[in-house]
Amino acid sequence: MSLSNSLISLPEIDQIMEQSMKSFLDFKKVNALDRAAFLERIAFEIEALGEELIKTTQEETNLPEARLLGERGRTTMQLRMFAAMLKEGSWVEASIDHAIPDKVPAKPDIRKMLVPTGPVVVFGASNFPYAYSTAGGDTASALASGCSVVVKAHPAHLKTSTLIASAIDKAIVCTNMPTHCFQHVAGNSFEIGKALVQHSFTSAVGFTGSFSGGRALYDYAAVRPKPIPVFSEMGSTNPVLLLPDALTLNAETIAIQYAGSITLGVGQFCTNPGILMGVSSDGLERFKKALANAIEQIAPSKMLHDGILKAYQNNRSKALQTKGVSALSNEVSSIENFATPVIAQVAGIDFLQNENLKEEVFGPYAILVECADIEELKNVWNTLSGQLTTSIMGTDVDFESQPDLIEMATLIAGRVLLNGVPTGVEVCASMVHGGPYPATTDSRFTAVGINAVKRWVRPVCFQNCPDHLLPDALKEQNPLKIKRMIDGNPYQ
Ligand code: NAP
């Protein structure tokens with residue numbers, strides 16, 4: 001249940017987390033089909049909010065209607081995807097090893113499955129008011145797993161968050177779920193977020209946002225008497241390799257593709273391509289010219305909120321004032337309180353000497369690193385920290401001359417793209433939206449797709465447990481009819 005859209009105080013957190021824990025103990029016993037119906041009902045109630053929701057979010061975030069309609073569609077689709085996962089059932093990874101009494105020593109009966117960890121705290125993201133916020137991927141996957149959820153609303157879209165929370169509240173009532181399996185809170189200081197993370201009943205945390213915020217939550221969790229996992233997704237610079245043959249053949253087309261990707265959503269996507277790398281050549285010169293032309297034709301736009309705009313302007317200025325850096329595109333027009341797209345450029349040797357150029361500039365910005373040769377380009381790529389994505393624009397000729405690139409890419413990023421742009425994250429089972437630190441705090445997991453549920457569960461095995469005391473997923477007769485691994489044979 002959402003408390004209200006009013007701010008909570010520190011002393012209220014005990015009560016909120018006690019309610020969350022109490023509801024968790026009931027909620028985890030709700031059978032999978034009823035939990036699926038709950039998620040489907042949330043999707044239905046969000047859609048029923050209609051225009052009021054879209055209008056409210058437009059006012060709060062400056063995001064255009066078409067983008068919000070698309071994001072709402074993605075959010076309800078995610079809820080229905082997790083409902084389908086629950087109905088199918090194999091996500092619990094049920095595994096049965098029957099006893100072998102004749103074995104020496106005797107092998108006991110052992111059965112394993114995934115179980116929910118407990119109350120989860122989710123921090124809403126500023127840049128995805130629906131898909132990574134109140135009923136977004138973190139909440140949907142945590143509720144699917146059987147965890148109760150406490151959402152800390154993002155202050156930049158509190159009205160939107162409260163509306164979505166009201167839809168979830170309705171779904172709780174309609175599907176007869178435990179009252180506090182979902183709670184919605186807002187706070188006016190970091191102390192609220194810190195107290196939620198450090199409460200003894202909190203079992204895990206989901207976050208999308210800045211590096212400083214995500215790292216702070218991770219550190220709060222690490223110093224608890226009982227540490228818990230924090231799944232912070234903190235963004236990245238999503239480096240792009242522009243290989244020589246690809247530029248010779250397609251410099252102009254690639255430039256137009258990337259101008260669109262760099263400025264999509266005013267650059268406010270965690271997959272925004274922030275570092276482009278190429279080797280000095282005629283092809284690279286053509287690419288630079290075409291990219292500058294395309295960027296200069298893109299009008300300034302409003303960002304999500306003033307804080308993000310100021311951060312963009314400061315970080316961009318800092319980058320442009322760094323030794324060896326110059327603007328590749330000119331600021332043709334500027335409007336007060338709007339963000340103007342900018343492309344910076346720097347030689348590989350200067351880039352390597354300036355650590356600050358490797359940091360994310362959140363907004364419609366990218367830096368082009370011009371390398372002397374392919375070895376310098378690989379060196380630049382190798383010095384970058386963990387990334388959500390890395391993209392390679394190359395032809396067969398390029399890949400034949402550099403056969404180690406794909407292998408190198410897997411060391412850097414969670415998603416390796418060939419001949420495409422990183423913005424646009426498909427929601428499907430094979431998607432990985434995660435990556436080595438500092439892109440995320442745990443590279444073994446994804447925040448998008450059904451495997452996002454794995455963040456909120458842990459394996460438990462039952463040894464010599466009588467059939468009638470086992471969870472349904474592990475009973476001999478398979479009452480749920482789900483796929484299971486039996487005696488080491490593949491899931492069937
Ligand atoms: P943020 O500052 O990281 O805040 C997100 C949430 O985390 C807010 O609820 C905030 O609490 C909380 N938080 C942040 N630091 C905290 C701390 N030390 N202790 C406790 N709670 C903390 O993100 P933002 O407001 O969305 O945007 C700020 C900057 O983050 C942007 O300018 C951009 O650079 C970056 N960003 C990156 C991505 C990405 O995907 N890469 C996405 C969004 C933002 P309060 O409500 O109390 O402030």
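Residues numbered from 1 in each chain as written. Predicted model: local features only at pLDDT ≥ 70, side-chain atom pairs only at ≥ 80, totals over all residues. Heavy atoms only, no water.

J.: Report on the site of the ligand, specifying residues and quantitative values.
T.: The environment of the ligand is made up of 22 residues, and the closest members are Ser126, Lys152, Ser210, Tyr220 and Cys270. Glu360 is positioned such that a nitrogen or oxygen atom in its side chain is 3.1 Å from a nitrogen atom of the ligand. Protein chains shield 86% of the accessible area of the ligand, which is 870 Å² for the free molecule. Contributions of two or more residues to the shell around the ligand are made by helix H8 (211–222) and helix H11 (306–320). Here the shell around the ligand gets four residues from one element, more than from any other, and that element is H8. (Near = heavy atom within 4 Å. Polar contact = N/O pair within 3.5 Å; in protein donor to acceptor, adjacent residues only side chain to side chain. Areas by Shrake-Rupley, 256 points an atom, 1.4 Å probe, with all protein chains shown as cover. Helix = DSSP H or I, 4+ residues; strand = E, 2+ residues; numbered from the N terminus.)

J.: Tell me what's going on with the environment of Glu12, and back it up with residues and numbers.
T.: Structurally, the position occupied by Glu12 is in helix H1 (residues 12–27). On the accessibility criterion, Glu12 (33% relative accessible area) is partly exposed. Once the C-alpha coordinates of Glu12 and Ile192 are considered, the two residues, 180 residues apart in sequence, prove to be 9.8 Å apart. (Buried < 20%, exposed > 50% of the residue type's maximum accessible area, 1.4 Å probe, protein only.)

J.: If you had to explain the sheet that holds strand S3 (residues 110–116) to someone new, which residues and values would you point to?
T.: Sheet architecture is open: four strands sit in the order S16-S3-S2-S17, paired in mixed fashion. Edge strands, defined here as strands with exactly one partner in the open sheet, are strand S16 (457–463) and strand S17 (485–486). Bridge analysis of strand S2 (residues 95–97) against S3 gives three bridges, and the strand direction is antiparallel. Residue pairing in the sheet places Ser95 in a bridge with Lys112 of S3. (Pairing = 2+ DSSP bridges.)

J.: Describe the nonpolar core, and please don't skip the residues or the numbers.
T.: Phe38, Leu39, Ile42, Phe82, Met277 and Trp381 are the most contacted members of the largest nonpolar core, which has 102 residues in total. Built from parts of two domains, this core gets at least three residues from each of domain 1 (10–234 + 441–486) and domain 2 (240–418). Of all hydrophobic cores here, the second largest spans 23 residues; its members include Leu242, Leu291, Leu368 and Met393. (Core = buried A, V, L, I, M, F, W, Y, C linked by side-chain atoms within 4.5 Å. Domains from an automatic or database assignment.)

J.: Can you lay out helix H2 (residues 32–48) for me, pointing to particular residues and giving the numbers?
T.: With 17 residues, H2 should cover 24 Å at 1.5 Å per step; its first-to-last C-alpha distance of 24 Å lies within 8% of that length. By the burial criterion, the buried members of H2 are Arg35, Ala36, Phe38, Leu39, Ile42, Ala43, Glu45 and Ile46. Looking at the buried side of H2, the elements it contacts are H1, helix H3 (50–61), helix H4 (65–88), helix H5 (137–145) and helix H6 (158–174). You can read the cap of H2 off the contacts: a side-chain oxygen lies 2.9 Å from the backbone nitrogen of Leu33, and it is on Asn31. Of the residues trailing H2, Gly50 is marked for its positive phi of about 55°. (Expected span 1.5 Å × (residues − 1). Contact = heavy atoms within 4.5 Å.)

J.: If you had to explain the domain arrangement of the protein chain to someone new, which residues and values would you point to?
T.: Taken as a whole, the protein chain is organised into domain 1 (10–234 + 441–486) and domain 2 (240–418). The gap between the C-alpha centroids of domain 1 and domain 2 is 35 Å. The interface is formed by 12 residues belonging to domain 1 together with 11 residues belonging to domain 2. Overall, the association of domain 1 and domain 2 removes approximately 870 Å² of surface from exposure, summing both partners, and the carbon and sulfur fraction of that is 59%. When the buried area of domain 1 at its contact with domain 2 is split by residue, Asn62, Asn127 and Glu233 rank highest and sum to 45% of it. For the interface between domain 1 and domain 2, the tally reads zero salt bridges. Inspection of the region where domain 1 meets domain 2 yields two residue pairs in polar contact (both at pLDDT 80 or more). Grouping the constituent residues of the side of domain 1 that touches domain 2 by class yields four nonpolar, five polar and three charged. (Buried area = accessible area lost by both parts, 1.4 Å probe. Salt bridge = Lys/Arg side-chain N within 4 Å of Asp/Glu carboxyl O. Nonpolar A, V, L, I, M, F, W, Y, C, P; charged D, E, K, R; others polar.)

J.: Quick one: what's the story with the pattern of salt bridges, residue by residue and with numbers?
T.: This structure, assessed with the given rule, holds 19 salt bridges. Put simply, Arg67 and Glu71 hold a salt bridge, and the shortest N to O gap is 2.7 Å. Remark: Glu71 and Arg67 occur in helix H4; sequence separation between them is four residues, near one turn of the helix. According to the relative accessible area criterion, Arg67 is buried, its value standing at 18%. Overall, the relative accessible area of 4% leaves Glu71 in the buried class. Residue Lys107 pairs with Asp97 through a salt bridge whose shortest N-O separation is 3.3 Å.

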